[in-house]
Amino acid sequence: MLQVNGLNVFYGAIQALNDVTLEVQEGEVVSIIGSNGAGKSTLLRSISGLNRPRTGEIKFLDETIVGVSADKIVDKGISQSPEGRRIFTNMTVRENLQLGAFSRKDNEIESDLEKVMDRFPRVRERLKQSAGTLSGGEQQMLAICRALMSNPKLLLLDEPSMGLAPNLVTEIFSIIKELNDEGTTILLVEQNAHRALEVAHRAYVLETGKVVLSGDGSDLLEDDRVKEYYLGG
Ligand SMILES: Nc1ncnc2c1ncn2[C@@H]1O[C@H](COP(=O)(O)OP(=O)(O)O)[C@@H](O)[C@H]1O
Ligand SMILES: [Mg+2]
């Protein structure tokens, strides 16, 4: 579904991604793990069309998307729940969700909103509230709901568990599993390596902009290097 080939991304003189090659097959959960500053967000932002790679190829459903604008990439079926949620705290929950469907021209938006709300009853209860009144966990769920409102084929999640209490982390990861079971392909970026590898069919380890290791999630959980550096020994 997604192929990234030899991707190089810079911020001025800083190289954030160095010859990154990876792929996501339809139906998979693929996790990218790596420390702070490894380039995880840069990778997702490049796929979303928010960062322009200097060289390399990104193909979605066999079509190149390098140079395609971010809104057109949403139309093609990729949407992202960004790091730090980025919800609009002065707008209502419903308005935030409607923004997720901003580029859709079909008549199914309201019925899709209902479907998304069926899965996230905690968010449904708060539709009329200002999004700024939600707890951190609810805001994270709202960010995922908003991304789902564009009906993505590929959902990009940037650190969905960041800053959440352990019970909410568990809830977020079971939601990720459910969404995937129901057919959404997911590319997940996480510092919480243990959870991210558990939920993943396959995973990649990113270190200072380079893919240093890849494999099945379950194999990486048993890998000595991963254990030492990412799973606390
Ligand atoms: N807007 C930016 N300007 C300059 N450097 C940046 C910017 N965003 C990220 N970087 C640098 O790029 C590298 C990768 O960052 P990032 O993709 O945010 O990593 P991660 O998401 O894995 O923490 C880091 O060295 C970071 O300091
Ligand atoms: Mg990041």
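Residues numbered from 1 in each chain as written. Chains lettered and ligands numbered in written order. Predicted model: local features only at pLDDT ≥ 70, side-chain atom pairs only at ≥ 80, totals over all residues. Heavy atoms only, no water.

A. Representation of the overall build of the protein chain in the model. Along its length, the protein chain carries 10 helices and 10 strands. Taking 233 residues into account, the globule formula puts the C-alpha radius of gyration at 17 Å, and the protein chain, at 17 Å, falls close to it. Principal-axis analysis of the C-alpha atoms gives the protein chain an extent of 45 × 40 × 30 Å. By residue count, 49% of the 233 residues in the protein chain fall in the buried class. Across the protein chain, every contact between residues at least 6 apart in sequence was considered, and the portion connecting residues at least 24 apart equals 66%. Of the roughly 10,800 Å² of accessible surface on the protein chain, a fraction of 46% belongs to carbon and sulfur atoms. Charge-centre separation for the protein chain: the mean point of 26 positive side chains lies 6 Å from the mean point of 34 negative side chains. (Helix = DSSP H or I, 4+ residues; strand = E, 2+ residues; numbered from the N terminus. Rg over C-alpha atoms; globule rule 2.2 N^0.38 Å. Buried < 20%, exposed > 50% of the residue type's maximum accessible area, 1.4 Å probe, protein only. Contact = heavy atoms within 4.5 Å. Areas by Shrake-Rupley, 256 points an atom, 1.4 Å probe, with all protein chains shown as cover. Lys, Arg positive; Asp, Glu negative; His and termini not counted. Charge placed at Lys NZ, Arg CZ, Asp CG, Glu CD.)

B. Unusual backbone geometry, seen in detail. In this structure, Leu61 takes a positive phi of about 50 degrees despite not being glycine. Its location among the elements puts Leu61 in the loop between β4 (55-60) and β5 (63-64). Phi angles above zero are rare outside glycine, and Thr208 is one such case at about 35 degrees. Of note, Thr208 is situated in the loop between β9 (202-207) and β10 (210-216).

C. Just helix α1 (residues 40-47), in detail. Here α1 lies mainly inside the structure; 7 of its 8 residues are buried. Along α1, the residues classified as buried are Lys40, Ser41, Thr42, Leu43, Leu44, Ser46 and Ile47. Just beyond α1, the residue with positive phi is Gly49, at close to 85 degrees.

D. Region of interest: the site of ligand 1. For ligand 1, the full set of nearby residues is Tyr11, Ala16, Ser35, Asn36, Gly37, Ala38, Gly39, Lys40, Ser41 and Thr42. Gly37 places a polar main-chain atom, nitrogen or oxygen, 2.7 Å from an oxygen atom of ligand 1. Protein chains bury 61% of the 560 Å² of accessible surface belonging to ligand 1 in isolation. Top element by residues in the shell around ligand 1 is α1. It accounts for 3 residues. Taken together, the residues of the shell around ligand 1 sort by class into 3 nonpolar, 6 polar and 1 charged. (Near = heavy atom within 4 Å. Polar contact = N/O pair within 3.5 Å; in protein donor to acceptor, adjacent residues only side chain to side chain. Nonpolar A, V, L, I, M, F, W, Y, C, P; charged D, E, K, R; others polar.)

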